[in-house]
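Structure assessment
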Amino acid sequence: MEISLVSGNGITPIPNNQSPLTCSCFPFLPFPFSATAVRPFKNSKFTVFATTTVGLNETRNWQRNVPPKSSKIVSLRNKTRQSAILDIQESSDLDSALLRSGGKLKAQDLNVILRHFGKLNRWKELSQLFAWMQQNEKTNIASYSGYIKFTGKSLDPMKALDIYNSIKDELTRNNVSVCNSVLDCLVKNGKFERCLNMFHQMKQAGLKPDIVTYSTLLVGCAKVKDGYSKATELVRELKYHGLQMDSVIYGTLLSVCASNNQCQEAERYFMEMKSEGYSPNVFHYSSLINAYSVDGNYTKADELIQEMKSGGLVLNKVILTTLLKVYVRGGLFEKSRELINKLDKLGYAEDEMPYCILMDGLVKAGKVTEAKTLFDEMKNKNVKTDGYAYSIMISGFCRGGLLQDAKQLASSYEAKYDRYDIVILNTMLCAYCRAGEMDNVMKMLKKVDESAISPDWNTFHILIRYFCKEKLYILAYHTLDDMHKKGHQPEEELCSSLIHYLGKTGAHAEAFSVYNILKYSKRTMCNALHEKILHILVAGRLLKDAYIIIKDNAGSISQSATKKFAVSFMKSGNINLVNDVIKAIHSSGYKIDQKLFHMAISRYVEDSEKKDLLLQLLKWMPGQGYSVDSSTRNLILKKSHLYGCQIVAELLSKQQVVSITKSRRTRTK
DNA sequence: ATAGGGTTAG
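The structure reproduced in this document is the subject of the present report. (Residues numbered from 1 in each chain as written. Chains lettered and ligands numbered in written order. Predicted model: local features only at pLDDT ≥ 70, side-chain atom pairs only at ≥ 80, totals over all residues. Heavy atoms only, no water.)

1. A few points about the protein's contact with DNA strand B
If you check the shell around DNA strand B, you find 45 residues, and the closest are Lys188, Asp210, Val248, His284 and Val318. Backbone atoms, meaning sugar and phosphate, make up 47% of the atoms of DNA strand B lying within 4 Å of the protein. Contact between DNA strand B and Asn281: a base nitrogen at 3.3 Å from a side-chain N or O atom of the residue. (Near = heavy atom within 4 Å. Polar contact = N/O pair within 3.5 Å; in protein donor to acceptor, adjacent residues only side chain to side chain.)

Rendered as structure tokens:
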């Protein structure tokens, strides 16, 4: 990671807690104090406030810097505290050191140790110390904000939230630095939604956000989709609260624009910033150049480079690397090549990044051979690699259908490096899957299992595709189910083809399960899929599920599919649902024919216990314009002694009226 | 006396 030392910003802010002019005799005194002003302090702590014109802040500084007691005692006490701090910091047994030396220390001393552990990533001791501080009531605001900050760094945002939520004191809870620590911790751990919710809660509880708060939140916007509109909202809010945009806020905003493809907005902020008197620095330029890289707008990028030069800014490694990205995206491969040579001369091509940018561009433009040449050149120069270059080339080969080359490069990576992250693993998995190397696929999966790497969306997709290709549909189904349980939303196309294959091979219930996974993952689903799953369910005799499909998706299922379902249901569906099914298909717009009524009624007639259902059906029919035909009628009449002759006769006569009016209507037409 | 700050690669 390159850290830029170039500061192009012409503005050097003066820290506002420090006066630029100090008394030369007593450097610890702020300027407006003279020797006479010190005197009243000696006798009375308070008159000094009344007898001088000094502001409160300066008085505080002054008070802090004047030793209240003889300097000998103070230095002795400092020594005692200093050695207690060191004792605890360096002890191998923290608990006993705290027991021994902790009592001599105040909250601010313990905070020193807290920060010491935090800087060294000693998380266990950090929380041990903090727990001790809480038990012994030696915490202040700085302890909380510091501890929460470090908890976020140790990648334990939930713990940070627990700590924050456990704070009882309202002043501490609403303190802006404590809140900023919590928010930063959530942003850094990729929990931006949660962070925004927290922010709103905090404001309602009484937090007064400052520029740091907004700056923290804006950083989160760069990492999420739709981050741009959230950023706009935040900017509006901070302006509304009378806070001032500063150079860094502009820098963050430019990066948000760049990562959200908002090139024009980036330009607008850049201009606005200039018009407010801030001179753009290397960060601002790199973000704007990065925004131009999306469209490969090299003309504008070159203009910016000229502007930087004439402004006296140094073109550092990041700027030139970003410029390379613009050239590559713009398809200027010759110019890109020259720029890499320039980077190399400047010593900026010691790691693989610039090569990766160009190789990636070449591969995506279908120039795999050129990319491979560059890859070999890079290796000959002994450029450091973390696997990025390999994954670009391996996936490039895969994309170009050069599966043997992909497989070979993958195994040569395995042989040389034994380091894996999720991207290189996915790439290799993809290569082995495409080449049909089952053994190697399994080997890679074992590596995932053994390591701390958790499979991501891509891993699952690669595997499911592969299992489908190998006709291992049940395995594909279990993988998809696993993917869903781990919170990843599978692609519709993949689900739909898996549903198809599962249906074809008789795994009807599994097909239905995939359908439900897709349905409940909030994606919009292609309408044809409802009918497809209906056919599968009918084929698998899962008629009750099929009934739900019909009921929920009335509009998108064809007449012929409905008919097929209805016939099956009448034949062998749950008899208690027959009437419900009839009503459902009727209200979906399907015209029920005599054959269907006949089937339904035959089933009722066979089972004398279903008398009520039959009567309900007969009662319902005339209202919808249906009547039974003569053969069905005879079927009922044969058993009418079971139902009560009177009722049956009445119902059938009502139906007759319907059928007469209907035939009249037909005749007049 | 505590909080934050941006740019490049798969």
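Moving on from the model shown.
2. So, the pattern of salt bridges
This model, assessed by the stated rule, comprises 26 salt bridges. Residue Lys381 pairs with Glu377 through a salt bridge whose shortest N-O separation is 3.5 Å. On the basis of relative accessibility, which here comes to 24%, the residue Glu377 falls in the partly exposed class. (Salt bridge = Lys/Arg side-chain N within 4 Å of Asp/Glu carboxyl O. Buried < 20%, exposed > 50% of the residue type's maximum accessible area, 1.4 Å probe, protein only.)

3. Re the packing of helix α21 (residues 353-364) against helix α22 (residues 368-380)
It is the contact of α21 with α22, at a shortest axis distance of 7 Å, that shows an interaxial angle of 160°. The angle between α21 and α22 falls in the class roughly antiparallel. Along this stretch, α21 crosses α22, giving a crossing that reads as left-handed. Of the residues in α22, those touching α21 at Tyr355, Leu358, Met359, Leu362 and Val363 are Val368, Glu370, Ala371, Leu374, Phe375 and Met378. The residue makeup of the contact of α21 with α22, split by class, is 10 nonpolar, no polar and one charged. (Axes fitted to C-alpha atoms, helices over the stretch in contact; angles between N-to-C directions. Helix = DSSP H or I, 4+ residues; strand = E, 2+ residues; numbered from the N terminus. Parallel < 35°, antiparallel > 145°, perpendicular 65-115°, else oblique. Left-handed = near helix turned anticlockwise from the far one by under 90°. Contact = heavy atoms within 4.5 Å. Nonpolar A, V, L, I, M, F, W, Y, C, P; charged D, E, K, R; others polar.)

4. Quick look at helix α17 (residues 282-293)
Across its 12 residues, α17 extends 16 Å between first and last C-alpha, which sits within 8% of the 16 Å expected from 1.5 Å per residue. Burial analysis of α17 places 10 of its 12 residues in the buried class, the great majority of the element. Where α17 begins, the capping side chain belongs to Asn281, and its oxygen is found 2.9 Å from the backbone nitrogen of Phe283. (Expected span 1.5 Å × (residues − 1).)

5. Things to note about unusual backbone geometry
A positive phi angle, close to 65°, is found at Asp226, a residue other than glycine. With respect to the element layout, Asp226 can be found in the loop between α13 (211-221) and α14 (227-240). Asp226 sits in the partly exposed class, given a relative accessible area of 49%. A positive phi angle is found at Lys471, which is not glycine, with a value near 60°. Inspection of the secondary structure assignment puts Lys471 in the loop between α27 (457-469) and α28 (473-485).

In short, the description is geometric, and any link to function would need to be established separately.
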